[in-house]
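Here's the letter readout for the chains.
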Amino acid sequence: MSLFKSASTVSLFTLVSRVTGLLREVLMASAFGASAMTDAFNVAFRIPNMLRRLFAEGAFSQAFVPILARTQALGGDDAAKALVDKIATALLAVLLLTCVVGVAGAPLLVWAMAGGLAARPEAFEAAVFMTRWMFPYIAFMSLVALAGGILNTYRRFAVPAVVPALLNVAMILGAWLGAPWFSGIGIEPIFAMAAGVMIGGVLQLGVIVLALKKQAFLPSFSLKPALVAESIRSDATKSVVTRMLPALLGVSVAQISLLINTQLATRIGERVVSWLSYADRLLEFPVAMLGVALGVVLVPQLTAAQTKGNSDDYSRMLDWGLRIVVLLGLPSSVALLVFAQPLVATVFQHGAFTAADVHQTSLSLMGYGVGLLGMVAIKVLAPGFFAKDDTKTPALIAVVVLLTTQALNLVLVPRLGHAGLALSIGIGALINATWLLVGLLKRGMYVPQPGWGTYVLQVVAATALLAVLLLVAGFQIPWIDLQTTVFKRIGLMALVIGASVALYLGALWAGGVKLRQLMRH
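Predicted model only: the values in this text are computed from it and were never measured.

A.B. asks: Can you break down the packing of helix H5 (residues 137–153) against helix H8 (residues 191–214) residue by residue, with the values?
C.D. replies: Closest axis-to-axis distance for the H5/H8 pair is 9 Å, and the angle between their directions is 25°. If you check the angle between H5 and H8, you find them roughly parallel. As for how H5 packs across H8, the hand of that crossing is left-handed. Facing Tyr137, Phe140, Met141, Leu143, Val144, Ala147, Gly148, Ile150 and Leu151 of H5, the residues of H8 in contact are Val197, Met198, Gly201, Val202, Gln204, Leu205, Ile208, Ala211 and Leu212. Considered class by class, the residues forming the contact of H5 with H8 number 15 nonpolar, three polar and no charged.

A.B. asks: Now, about the pattern of salt bridges: what can you tell me, with residues and values included?
C.D. replies: Taken as a whole, this structure holds nine salt bridges when the rule is applied. Linking Asp313 and Arg316 is a salt bridge whose minimum nitrogen-to-oxygen distance equals 2.5 Å. With Asp313 and Arg316 both in helix H12 (residues 311–338) and three residues apart, this pair spans about one turn of that helix. On the basis of relative accessibility, which here comes to 35%, the residue Arg316 falls in the partly exposed class. Where Asp319 meets Arg323, a salt bridge forms, and the shortest distance between an N and an O atom there is 2.7 Å. Remark: Arg323 and Asp319 occur in helix H12; sequence separation between them is four residues, near one turn of the helix. The class for Asp319 is buried, based on a relative accessible area of 3%. We classify Arg323 as buried; its relative accessible area is 11%.

A.B. asks: Can you explain the nonpolar core? Please cite residues and give values.
C.D. replies: Among the nonpolar cores identified, the biggest contains 154 residues, and Phe41, Phe64, Met130, Ile150, Ile190 and Phe348 are the most heavily contacted of them. Examining the composition of this core, we find that 25 residues originate from one element, helix H2 (residues 36–104), more than from any other. Setting aside residues no more than four positions away along its own chain, Phe348 makes contact with Leu22, Glu25, Val26, Ala29, Tyr278, Leu282 and Phe353.

A.B. asks: For the packing of aromatic side chains, give the residues involved together with the corresponding values.
C.D. replies: All chains considered together, the criterion is met by eleven aromatic pairs. Relative to Trp479, the ring of Phe339 has its centre 5.7 Å away and its plane inclined at 85°; by these criteria the two rings are edge-to-face. One end of the pair, Phe339, is in the loop between H12 and helix H13 (340–348); the other, Trp479, is in the loop between helix H18 (452–476) and helix H19 (486–511), and 140 residues separate them in sequence. Each member of the pair Phe339 and Trp479 is classed as buried. With centroids separated by 5.6 Å and ring planes inclined at 90°, the aromatic side chains of Trp452 and Tyr455 adopt a geometry described as edge-to-face.

A.B. asks: So, H12: which residues are in play, and what are the values?
C.D. replies: Helix length check: H12 (28 residues) gives 40 Å between terminal C-alpha atoms against 40 Å at 1.5 Å per residue, within 8%. Within H12, the axis deviates most sharply at Gly329, by approximately 30°, and proline Pro331 lies no more than four positions further along.

A.B. asks: Explain H19 to me, using residue names and the numbers behind them.
C.D. replies: With 26 residues, H19 extends 37 Å from end C-alpha to end C-alpha; this agrees with the ideal 38 Å at 1.5 Å per step. Packing partners of the buried residues in H19 comprise H12, H13, H18 and helix H20 (515–519). Within two residues after H19, Gly512 carries a phi angle of roughly 95°, on the positive side.

Calculation notes
Residues numbered from 1 in each chain as written. Predicted model: local features only at pLDDT ≥ 70, side-chain atom pairs only at ≥ 80, totals over all residues. Heavy atoms only, no water. Axes fitted to C-alpha atoms, helices over the stretch in contact; angles between N-to-C directions. Helix = DSSP H or I, 4+ residues; strand = E, 2+ residues; numbered from the N terminus. Parallel < 35°, antiparallel > 145°, perpendicular 65-115°, else oblique. Left-handed = near helix turned anticlockwise from the far one by under 90°. Contact = heavy atoms within 4.5 Å. Nonpolar A, V, L, I, M, F, W, Y, C, P; charged D, E, K, R; others polar. Salt bridge = Lys/Arg side-chain N within 4 Å of Asp/Glu carboxyl O. Buried < 20%, exposed > 50% of the residue type's maximum accessible area, 1.4 Å probe, protein only. Core = buried A, V, L, I, M, F, W, Y, C linked by side-chain atoms within 4.5 Å. Phe/Tyr/Trp six-rings, centres within 6.5 Å; stacked < 30°, edge-to-face > 60°. Expected span 1.5 Å × (residues − 1). Bend = angle between axes of the 7 residues up to and from the residue.

Structure, rendered in C-alpha cells:
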C-alpha cells in the first residue's frame, strides 16, 4: 500500500472519529452551553487526557513503535511478539499503580491543573469527583496505544484510527440520554459525561483487543510479582524506557504548557476553559486528519528505511509528507483565520450556546489557526528525528518553545485575554516546526526534492483565492442571525465549503500542481 493510500485510510477513519467528536461537542454546547460546570468537566477530562498524551500516545508511542518496527524488520514476528509480551506486562503493572495514585490524589491534581476553580467551590468539587471517576481512562488508553502501535507496525491502520469514535459515541449518548436521566433522578447532569468517558474507554479497549486477536498478536502478560519484575528488568523494557525519557521531556513540555494555560484560563474568568475547549475541538479536525494521519503512517516507514540504510527513501518520504502538509495545511490555517465565526456559529450556536459564546470561541479559534500549519508539520518533522533514534533534539526544542510560549503569554494575555493564550500556542507551534525543519536540513537528514519554490507559490496563490471567497461569504451572510433557521445555515455552510474546495483544487490545477503525482507516492 502506498504512503498516500495508507495516509488516506487513516484520515478517512480519523474523519469518522472527528465527526462524532464534533457531534459530541455540539450536543454538549446545546445541553450545557459554557458554564462553571462545563469548565469543571473540561478540567477533569483534561487530566486523564493530558496523561494519555504524555505517556500513552506521546512518549510511549514515540519510543515503542520504532523499536517494534526495527525488531520486526530484523528478527521477524517471533522476536516482535516476545518484545510485546514484556512491554505489556510491565505497562499493565505501572498503569494499575498510576490509577490508584491518581484517584487518591484527585484534589491535588485538580488544584494543580485549575487552581482558579477553587474560587467556585461547587465547580471545584465537581471537577474532583469527575477526575476520580475518569482517571482509570488513562489505563484503557495506554493499552489502546500499545495495541494501536502493534497494528500500525503491521500496516493495519483502520482499527486504531476509528476506535476513538467509540469514546465519542459513548459521550454523545451521555449528553443525549444520560444527562436528562441524571437530572430526573437528582444527579448533576454533567456527571453523565464522565460516565460516557469510562464506557467509551472500555469499548475502545475491547474492540482493539479483538483486532489484535484476529491478527494473532494478542500480548501475553501476567501480574505475578516475579513475572512483572522480570519484565520491568528486561532489555526490551529498558530500551523503551531509555527512548521514552527524552521523548517524555518533549511531550511533557506541551502538557506543561497546557497545564499553565488551563491555570491562566481559570483565573481569567468563568467559561474561558469552555471557549478554548470548543475551539480546540474544531482545530483537531485538520490536525488529526493531516498531522496525526501522516505521523502514524510515516513513523514505521521511516524507521524501516533507516534500518535498511535507505537514506534516499527516507528523505523522499519526508519530502512527500511536507508537501502534503503545505498543500492541505496552509488553506486550512487560512480558513480558520478568516472564517472562524461562521464555523463556530454553524457548529455550536444551538440551545444554551449564545452569540457571545460564538464570538469568544471564534477568537480562540483564530489564535489557534495562526499555528495550524506548524502543528501539522511537527507531526511529520518530529518522526524524522525519532526514526534516527534521536528523541533528544525534538525534546530540547520543545523546552525552548515552552519558555517562548510563556513569554508570549506575558505579552499577549493582558492585551487579548483568552485569545492571547491560543495565539501564543499557535506562534509556539510555528517556531517549533521551523526549528525541527532547520535541524533536519542542517544535518543532511532531509534533502528537499526539486521544485519547492514553484510549488509553494502555486499553493499560496490558490490559498489567496480561497481566502477571498471565504471573506466574502463571511461578511455577506449573517451567520449568527441564522440561529433560528438551522438547516438553512447548514445548507449555506455546505455550499460555501463545496465552492471553496472546488475553487482551491481548480486553482491548483490551473497553476500546474500535479496532484496525481502526489497521490501515487
